[in-house]
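Observations on the three-dimensional arrangement
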Amino acid sequence: MSKTIDELLPRILPRVQKPARYVGGEYNQTVKALREIDTRVAFCFPDTYEIGMSNLGLRILYGVVNNMDGVWCERVFTPWGDMEAEMRAAGLPLYALESHDPVADFDMIAFSVGYEMSYTNILTMLDLAGIPLRAAERHGLHNIVFAGGACTYNPEPLAEFIDFFSLGEGEESTVEIVNCWRDAKKRDLSKEEFLWEVGKIPGVYVPSHYEHRYNPDGTLAAIVPLPGAPAKVTKRIVQDLDKAYYPVEPIVQSTEIVHDRQNLEVMRGCIRGCRFCQAGYTYRPVRPRKPETLYNQALQSLASSGDSEITLSSLSTSDYKYLEPLTDRLTEYCAARNVNISVPSLRADNFSRDLMLKLQKVRKSGLTFAPEAGTQRLRDAINKNVTEEDVLKTCEIAFAGGWNNVKLYFMLGLPTETDEDVLGIAELVYKIYNCWKDHASNKKRGVRIHVATAFFVPKPFTGFQWERQITPEEYLRRCRLLKEHMNNKSIEYSYHEAKLSELEAVLARGDRRLGPVIEAAWRRGAKLDGWMEYFDYEKWIAALEECGVDRHFYTTRGFGTDELLPWETIDPGVSKAFLLRERERAGRSEITPDCRHGCAGCGANRLLECGRCDP
Amino acid sequence: MRMLFTKEGVAIWSSHLDLMRALMRSFRRAGIELKHSQGFTPHPELSILMPLSVGVESQCEIAEFALAEGCEIPAEEIAARLNPVLPAGIRALESWEGGQKAGKLAWLRARLTLRYQGTGNREPGTGDGEADSSAPLRSPFDFAQGKAENDRIEAIRALFGRPSLIVEKHGKKGVVETDIAPMIRELVVKGTGNGEPGTGDAADSAAGENAVVLEAVVAAQNPTLNPLLLATAIERYLPEYKPALVQCRRLEIYDADMRPFR
Ligand code: SF4
């Protein structure tokens, strides 16, 4: 344990909010003796403890790396603003939760990046650790910084800060990466030599091995790999999820976190193929876990954590083909022990009355739907295969069964959207309201319909990656239009911050010219940008100006289908030809059947050894 | 049923609600099924007698709980079953059936460790938490140093000899002025080097350092005196002796006759 850090902490902690986030020591955390280890990995999550500890990926990789002999992986989160200020005032460096040792002492520093608006948190953490921000300023094998996670499929905005990226699922590749580092250390390689070695591991992308050239109009002219670098880097996947590591002895958070429950990942990938959904494409191919595996994992992780709730998670859990046998067995176990089961992302279309009643026995929570668009035409264009009939039918059953709380999620600014589509949302909401009036078992309690709209962000590796984003002003106009048409005290409408989604689009679609912008925004004080308490649009606008970067280039301009896109070095499995096909079908409001109704040929099956999906 | 337990080490930074959740999870991990309330969202029947402030240590916390029907574990065994699955800093000391009525709880013995920075009362109590780890170790032969510390201890002793001590109490109704003197039953002021060795708590490391230790018995109920208010009184009346850091530990709780409350 670090003496000075442990002397400073008791003086600082009484003055910060929720100090339990900063001390570690949780049940099931991994502690190793320093004399037994040769490699220390700081697993950094660029957001708060509450968000990071809710992330299943972090829990998986923590366990995977700690299962390696001689390697100790510890956790580090972004301190909240009050803690950051106290740390800077006291000269307390960023430290890892398990040992309280400074992050600067660690051999490897891994970031799990799930969300574009956490980019500045990476810089905050490196800076608090006293580690140079830019990869080129870090020399030698000490403090190697690498990153992975859902939003690193476009790694370019972070290219300047990160030594290399680990793309796709990390269960196997992270072990290979750490071993590669240990080998380099033994052979006393230089950092450059190590980067060439680690770049040989499938799924590893070393940005410094590629040169990006631009046209006079600002578009990308060429991506030139250095001799020896692969033209494409294909993401990694786990071939057999039933054999993959799963944290059955999970760390038990010592303070409440966002997902304060066990998380059972029933499958990876999504059969649906919604054209706006990055995760839906990049998590493919679809791979379900066996219900027996899941049942055992559920029992073990519940017993080890003492949690009283378990979530069956995936991008679309009701599409999990063994959902019924699994929930049947689990409800029996859980009901006897006062454990709740929750199933998020239940779909309206195959929402079985049975399952709803079964889960209701244990707990009553609200109904949630994400029709995403207000008219069938637009839902077809985005390939969101939910019909009005499905939604109303499900509501009817639910209202008759005593539910009186519905949440509805939509997007505004979708490609081809017109005012008619916007007003279609209000129409659907009123139909749901009338459905409640006709079918509610108890009208005295009233009904609450929450409607939320998000501002559409065209993401890389989706059928809409070339689309433009509408302006924040236009988005807000559509929000107001919708609001004017939903005047009922049972309906509550909230909409996402437009400016945040605009910057999210810039960062998600950005190229290497965004690196200096991120740094400039951070130097101006941008931090914790995903939090409304901290998000400061003006700082970003000033940073963009300072760096001479036009945000509209990445948002309202849209990308040409013949344009070279910054993320084209990366192969996430789903092919560009398929994405183009999806784009064309969207233009014709033509749906693509889900994987179970026939393979649409997305290309992700190439990643499977057997070459065939089992959706 | 009741259980006596500690809250020390990293666990002191958990809030009362965090602790409740941690205990509920621990019961589940130990396979001890708690009785659940009826209704929409059944919750386990478990409570903690005197909520503890964040940052305060204790060796006398009491939890009260009821076992589910059919869970036939003898009360005395609960503590031993829980210990292997409790989080760091929480230790079950004993468990028993029944117990005194909560209303009988009357007194709390607590220890405050007031830490000063640097040496002696050079720059006393800037209170900004700036740690001075480069400060030279106090030499036992440093006469001036020893005198300054004695003055400080004498001043604090004299302060708590006063018949009335008004401090500001931050409560639900905003800030109110309260006289805490009548709520103090006993109070001893000790200098450095008097920490009881080997208890493994904060007072231990106070030995040989620049600190003053207060041990007090204060009202635990109707009205309650948060022992941290003793430090507030020093800040108010003796601003020159405001400590840089105050550490607090609950030692024991008693009924009106000064018998340990169980
Ligand atoms: S290859 Fe076919 S079945 Fe597999 S994920 Fe892609 S579309 Fe679905």
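Residues numbered from 1 in each chain as written. Chains lettered and ligands numbered in written order. Predicted model: local features only at pLDDT ≥ 70, side-chain atom pairs only at ≥ 80, totals over all residues. Heavy atoms only, no water.

1. Some thoughts on the overall build of chain B
The cut-off we apply is this: Secondary structure is summarised from DSSP: a helix means a run of H or I of at least four residues, a strand means a run of E of at least two, and numbering begins at the N terminus for each. Each accessible area value is a Shrake-Rupley result obtained with a 1.4 Å probe; residue values ignore everything except the protein chains displayed when judging cover.
Helix and strand counts for chain B come out as five helices and ten strands. Of the roughly 12,300 Å² of accessible surface on chain B, 53% is carried by carbon and sulfur atoms.

2. Here's the deal with the state of the cysteines
Put plainly, a disulfide is one covalent bond tying together the sulfur atoms of two cysteines. Defined as follows: Here, a disulfide means two cysteine sulfur atoms that sit within 2.5 Å of each other.
With the rule as written, the count across this model stands at zero disulfides over all chains. Lacking any disulfide linkage, Cys277(A) is separated from the closest cysteine sulfur, that of Cys274(A), by 6.1 Å. Of all cysteine sulfurs, the one in Cys334(A) lies closest to Cys71(B), which takes part in no disulfide; the gap is 18 Å.

3. Focus on the pairing of strand β5 (residues 105-115) of chain B
Residue and element names in this part refer to chain B. Definition in use: Exposed residues in this analysis have more than 50% of their type's maximum accessible area, buried residues have under 20%, and partly exposed residues fall in between, with area computed by a 1.4 Å probe over protein chains only. Strand pairing follows a simple DSSP-based rule, namely that at least 2 bridges must link the two strands.
For β5, the tally of buried residues reaches eleven of eleven residues, placing the bulk of the element in the interior. Note: β5 against strand β10 (residues 245-255), ten bridges, orientation antiparallel. If you follow Thr 113 over to β10, its bridge partner there is Gln 247. Where β5 meets strand β9 (residues 211-219), nine bridges bridge the pair, whose relative direction is antiparallel. Its bridge partner lying in β9, Trp 107 is registered against Ala 219.

4. Quick look at helix α17 (residues 514-523) of chain A
Residues and elements named next belong to chain A. Condition: Residues are treated as being in contact if the distance between any of their heavy atoms lies within 4.5 Å.
Across the ten residues of α17, eight count as buried, placing the element largely inside the fold. Within α17, burial applies to Leu 514, Gly 515, Val 517, Ile 518, Glu 519, Ala 520, Ala 521 and Trp 522. Taken together, the buried residues of α17 touch α4 (81-90), α5 (119-129), α16 (498-508) and α18 (537-546). With its phi angle positive at about 105°, Gly 525 sits one or two positions after the end of α17.

5. A short note on the sheet that holds strand β16 (residues 405-412) of chain A
Residues and elements named next belong to chain A. Just so we agree on the cut-off: Orientation is described by lines fitted to C-alpha atoms, with helices fitted over the stretch in contact, and by angles between N-to-C directions that extend from 0 to 180 degrees.
Strands sit in the order β15-β16-β17-β18 across an open sheet of four strands; the sheet is parallel. With partners counted over all chains shown, the strands left at the sheet margins are β15 (367-372) and β18 (491-495), one partner each. Averaged over all pairs of adjacent strands, the angle between their axes in this sheet comes to 20°, without regard to strand direction. Sheet topology places strand β17 (residues 448-455) next to β18; five bridges connect them, and they run parallel. Across the sheet, the residue bridging to His 450 is Glu 492, located in β18. In the packing of helix α13 (residues 388-400) onto the sheet, contacts are made with β15 and β16, and the angle to β15 comes to roughly 170°.

6. Some remarks on the packing of aromatic side chains
Any two aromatic rings considered together are summarised by their centre-to-centre distance and by the angle between their planes. Note the following rule: Two aromatic rings from Phe, Tyr or Trp, using only the six-membered ring of Trp, form a pair when their centres are within 6.5 Å; if the ring planes differ by under 30 degrees the pair is stacked, by over 60 it is edge-to-face, and anything between is tilted. The criterion is that NZ of a Lys, or CZ of an Arg, lies within 6 Å of the ring centre and within 35 degrees of the ring normal, and then a charge sits over that ring.
Scanning the model with the defined rule gives 17 aromatic pairs over all chains in all. Taken together, the aromatic side chains of Trp80(A), Trp531(A) and Tyr534(A) make up a single cluster linked through ring pairs. It is Arg557(A) that lies over the ring of Phe553(A); its NZ or CZ is 3.9 Å from the centre. Just above the ring of Tyr116(B) sits the side chain of Arg152(B); from NZ or CZ to the centre is 3.8 Å.

7. Topic: helix α6 (residues 170-186) of chain A
Since the α-helix packs 3.6 residues into each turn, any two residues three or four apart lie on the same face. All names here are of chain A. Formally: How far a helix is expected to stretch is found by multiplying one less than its residue total by 1.5 Å.
When the terminal C-alpha atoms of α6 are compared, their 24 Å separation across 17 residues agrees well with the 24 Å that a helix rising 1.5 Å per residue should span. When we look at burial in α6, the residues that qualify are Gly 170, Glu 171, Ser 173, Thr 174, Ile 177, Val 178, Cys 180, Trp 181, Arg 182 and Ala 184. Where α6 terminates, the next one or two residues include Asp 188, which has phi positive at roughly 60°.

8. As for the domain arrangement of chain A
Residues and elements named next belong to chain A. Put simply, the rule reads: Domain limits in this description derive from either an automatic procedure or a database domain assignment. Buried area adds together the accessible area that both of two parts lose upon being put together, with accessible area traced by a 1.4 Å probe. Whenever Lys or Arg places a side-chain nitrogen within 4 Å of a carboxyl oxygen from Asp or Glu, that contact is recorded as a salt bridge. Here a polar contact is taken to be a pair of N or O atoms separated by no more than 3.5 Å, where protein atoms must pair a possible hydrogen donor with a possible acceptor and residues adjacent in sequence count only if both atoms sit in side chains.
Domain assignment breaks chain A into domain 1 (3-234) and domain 2 (261-364 + 569-615). Opposite the 18 residues of domain 1 that make contact, domain 2 presents 13 residues. Between domain 1 and domain 2, the buried area comes to about 1,400 Å², and carbon and sulfur atoms account for 51% of it. On the domain 1 side of the interface with domain 2, the three residues burying the most area are Leu 56, Tyr 153 and Glu 169, jointly 39% of the side's total. The interface formed by domain 1 and domain 2 includes three salt bridges. Glu 171 is the salt-bridge partner of Arg 268, the closest N and O atoms lying 2.6 Å from each other. At the junction of domain 1 with domain 2, the criterion picks out six residue pairs in polar contact (both at pLDDT 80 or more).

9. Quick look at the interface of chain A and chain B
This is how it is decided: Ten residues, namely Ala, Val, Leu, Ile, Met, Phe, Trp, Tyr, Cys and Pro, are considered nonpolar, four, namely Asp, Glu, Lys and Arg, are considered charged, and the remaining ones, Gly among them, are considered polar.
On the chain B side, the residues contacting the 30 residues of chain A number 26 residues. Taken together, both faces of the contact between chain A and chain B bury some 2,400 Å²; the carbon and sulfur share is 54%. Contact with chain B buries area across many residues of chain A, yet Arg11(A), Tyr27(A) and Asn338(A) alone supply 25% of it, more than any other trio. Our enumeration of links across chain A and chain B arrives at three salt bridges. A salt bridge links Arg25(B) to Asp260(A), with the nearest nitrogen and oxygen atoms 3.5 Å apart. Taken together, the connections running from chain A to chain B amount to nine residue pairs in polar contact (both at pLDDT 80 or more). Secondary-structure elements contributing two or more residues to the side of chain A that touches chain B are α1 (3-12) and α9 (291-305) of chain A. The leading source of residues in the side of chain A that touches chain B is α1(A), at four residues. Broken down by class, the residue content of the side of chain A that touches chain B amounts to twelve nonpolar, ten polar and eight charged.

10. Things to note about the domain arrangement of chain B
All names here are of chain B. Domain boundaries in chain B define domain 1 (2-99) and domain 2 (105-125 + 139-255). Each side of the interface is counted separately: domain 1 has twelve residues, and domain 2 has 13 residues. Carbon and sulfur atoms make up 53% of the area that domain 1 and domain 2 hide from each other, which totals about 1,200 Å². In terms of surface lost to domain 2, no three residues of domain 1 exceed Met 50, Glu 57 and Cys 60, which account for 52% of the buried area on that side. Where domain 1 meets domain 2, there are three salt bridges. For Arg 249, the salt bridge identified is with Glu 57, shortest N-O distance 3.0 Å. Across the contact surface, domain 1 and domain 2 share ten residue pairs in polar contact (both at pLDDT 80 or more). Looking at the side of domain 1 that touches domain 2, its residues break down into six nonpolar, three polar and three charged.

11. Topic: the pattern of salt bridges
When the charged atoms of two side chains with opposite charge come close together, those side chains can pair. Residue and element names in this part refer to chain A. Applying the stated criterion across every chain yields a total of 73 salt bridges over all chains. Asp 127 is paired through a salt bridge with Arg 88; the nearest N and O atoms lie 2.8 Å apart. Taken together, the residues Asp 127 in helix α5 and Arg 88 in helix α4 connect sequence positions 39 residues apart. When its relative accessible area of 29% is taken as the criterion, Asp 127 is described as partly exposed. Through salt bridges that share partners, Glu 169, Glu 171, Glu 265, Arg 268, Arg 287 and Arg 289 make up one connected network.

12. Describing the pairing of strand β13 (residues 309-313) of chain A
Residue and element names in this part refer to chain A. A large share of β13 lies buried, amounting to five of its five residues. Covered by surrounding structure in β13 are Glu 309, Thr 311 and Ser 313 together with Ile 310 and Leu 312, the residues of both alternating faces. In terms of strand pairing, strand β10 (residues 262-265) meets β13 through four bridges, oriented parallel. Note on β13: the bridge partner recorded for Asn 263 is Thr 311.

13. Remarks on the sheet that holds β13(A)
Residue and element names in this part refer to chain A. Ordered in space as β10-β13-β14, the three strands form an open sheet in which the pairing is parallel. Since the sheet does not close on itself, it has two edges, and those belong to β10 and β14 (340-342), each with one partner. Averaged over all neighbouring strand pairs, the angle between strand axes comes to 25°, with direction disregarded. Across the sheet, helix α10 (residues 323-335) lies against β10, β13 and β14, angled at about 175° from β13, the strand it touches most.

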